[in-house]
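# Inside the fold
Each chain is listed here by its residues.
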Amino acid sequence: MADMGVFRDAVLAWDAGGSGELARELVGAVGVRGVVLVEGPSDDAAVSALAARRGRDLGGEGVCVLAMGGAMSVGRFARLLGPPGLGLRLVGLCDEAEVSFYARGLERAGAAPEGIFVCAADLEDELIRALGADRVAELVEVEGDLRALQTFLRQPAQQGRTAQQQLRRFLGTKKGRKIQYGRVLVDALDLDRVPAPLDGLLASV
């Protein structure tokens with residue numbers, strides 16, 4: 001039986017110029033009822049990690065978390081997946097600077113704008129504030145990245161920045177690090193202190 005990963009791949013292939021026939025077939029076969037549009041794989045990792053901590057299987061519930069490869073892609077995916085295309089319910093998680101792309105993309109596709117959950121700065125910033133800089137630094141050490149962090153903090157550009165700003169920047173300095181820490185930071189959260197955008201998103205699907 002096809003799973004949500006197969007549906008996700010079919011949608012990405014459709015967006016890349018392929019036929020949408022397979023994606024249409026899989027909606028019923030997989031039982032897709034909604035799509036969470038996120039900018040990249042680190043957001044996907046965080047959403048999936050929080051769902052798992054709360055005992056939810058989003059794929060099994062018919063919810064596809066789709067990393068679009070950037071906020072500017074939201075209009076295309078909204079057309080494919082929303083009312084003009086597959087008719088699925090759409091919600092989204094985005095950075096503060098990308099709200100206009102999401103709002104415009106969903107509006108043009110006839111999707112509900114109240115389904116947009118906005119992070120102040122970005123999701124990493126939200127997670128660092130929720131945990132506190134000291135706790136995040138502890139997690140960096142546990143993950144074996146303390147030496148890399150110490151080297152990073154000695155850079156002139158980091159002087160004068162707050163610990164939160166430094167950690168946020170550090171998470172983006174190596175390919176794959178945001179994805180890794182998307183899971184790590186969510187797994188370390190007190191479930192009563194989940195950042196509001198992430199908490200609201202998961203509650204809405």
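Below is a short write-up of the structure. (Residues numbered from 1 in each chain as written. Predicted model: local features only at pLDDT ≥ 70, side-chain atom pairs only at ≥ 80, totals over all residues. Heavy atoms only, no water.)

Moving on, we get to the packing of aromatic side chains. Enumeration over the complete set of coordinates arrives at one aromatic pair. An angle of 55° between the planes, with centres 5.7 Å apart, marks the rings of Phe 152 and Phe 170 as tilted. Taken as a pair, Phe 152 in helix H8 (residues 146-153) and Phe 170 in helix H9 (residues 163-171) lie far apart in primary sequence, 18 residues in all. We classify Phe 152 as buried; its relative accessible area is 5%. (Phe/Tyr/Trp six-rings, centres within 6.5 Å; stacked < 30°, edge-to-face > 60°. Helix = DSSP H or I, 4+ residues; strand = E, 2+ residues; numbered from the N terminus. Buried < 20%, exposed > 50% of the residue type's maximum accessible area, 1.4 Å probe, protein only.)

To continue, consider H9. In an α-helix, one turn spans 3.6 residues, which is why side chains three or four residues apart end up on the same side. Along H9, the residues classified as buried are Gln 166, Leu 167, Phe 170 and Leu 171. An end-on view of H9 places all buried positions within 135° of arc, on one side of the element. The elements touched by buried residues of H9 are helix H6 (123-131), helix H7 (133-142), H8 and helix H10 (177-188). (Arc of directions from axis to C-beta. Contact = heavy atoms within 4.5 Å.)

Inspection of the entire model under this criterion finds eight salt bridges. Across the pair Lys 178 and Glu 124 runs a salt bridge, and its minimum N-O distance is 3.9 Å. Highlighted residues: Lys 178 in helix H10 and Glu 124 in helix H6, separated in sequence by 54 residues. Residues participating in the shared-partner salt-bridge network are Asp 125, Glu 126 and Arg 129. (Salt bridge = Lys/Arg side-chain N within 4 Å of Asp/Glu carboxyl O.)

So, on to empty space enclosed by the protein. Tallied over the entire structure, the rule returns one cavity of 30 Å³ or more. Within this model, the largest cavity holds a volume of roughly 50 Å³. For the largest cavity, the full set of lining residues is Arg 33, Gly 34, Val 35, Val 36, Val 63, Arg 89, Val 91 and Val 205. Elements with a minimum of two residues in the lining of the largest cavity: strand E1 (34-38) and strand E3 (89-95). Of the residues forming the lining of the largest cavity, the biggest block, three residues, is contributed by E1. (1 Å grid on protein atoms, 1.4 Å probe; cavity = no way out; pocket = protein on both sides within 12 Å on 5 of 7 lines; lining within 4 Å. Points joined across faces, edges and corners; volume = space filled by probe spheres on them.)

Quick look at the layout of surface pockets now. Taking a probe equal in size to a water molecule and rolling it over the atoms shows the remaining empty space. In this structure, the largest pocket encloses a volume near 170 Å³. Around the largest pocket sit 13 residues that line it, and Gly 40, Ser 42, Asp 43, Glu 124 and Lys 178 are the ones nearest its centre.

Another aspect to go through is the sheet that holds E3. Strand order in this open sheet of four strands is E2-E1-E3-E4, and the pairing throughout is parallel. On the outer flanks of this sheet lie strand E2 (63-67) and strand E4 (116-119), each paired with one strand and no other. Ignoring which end each strand starts from, the neighbouring axes of this sheet average 15° apart. Relative to E3, E1 runs parallel, the two sharing five bridges. Across the sheet, Gly 34 pairs through a bridge with Arg 89, a residue of E3. Contacts between helix H4 (residues 74-81) and the sheet are confined to E1, E2 and E3, with E1 contributing the most and set at about 175° to the helix. (Pairing = 2+ DSSP bridges. Axes fitted to C-alpha atoms, helices over the stretch in contact; angles between N-to-C directions.)

Another point: unusual backbone geometry. Leaving glycine aside, a negative phi is the common case for residues, and trans is the common case for peptide bonds. You will see that Ala 121, though not glycine, has its phi angle at about 70°, which is positive. With respect to the helices and strands, Ala 121 occurs in the loop between E4 and H6. Here Ala 121 falls in the partly exposed class, since its relative accessible area comes to 27%.

Taken by themselves, the reported measurements are silent on function.
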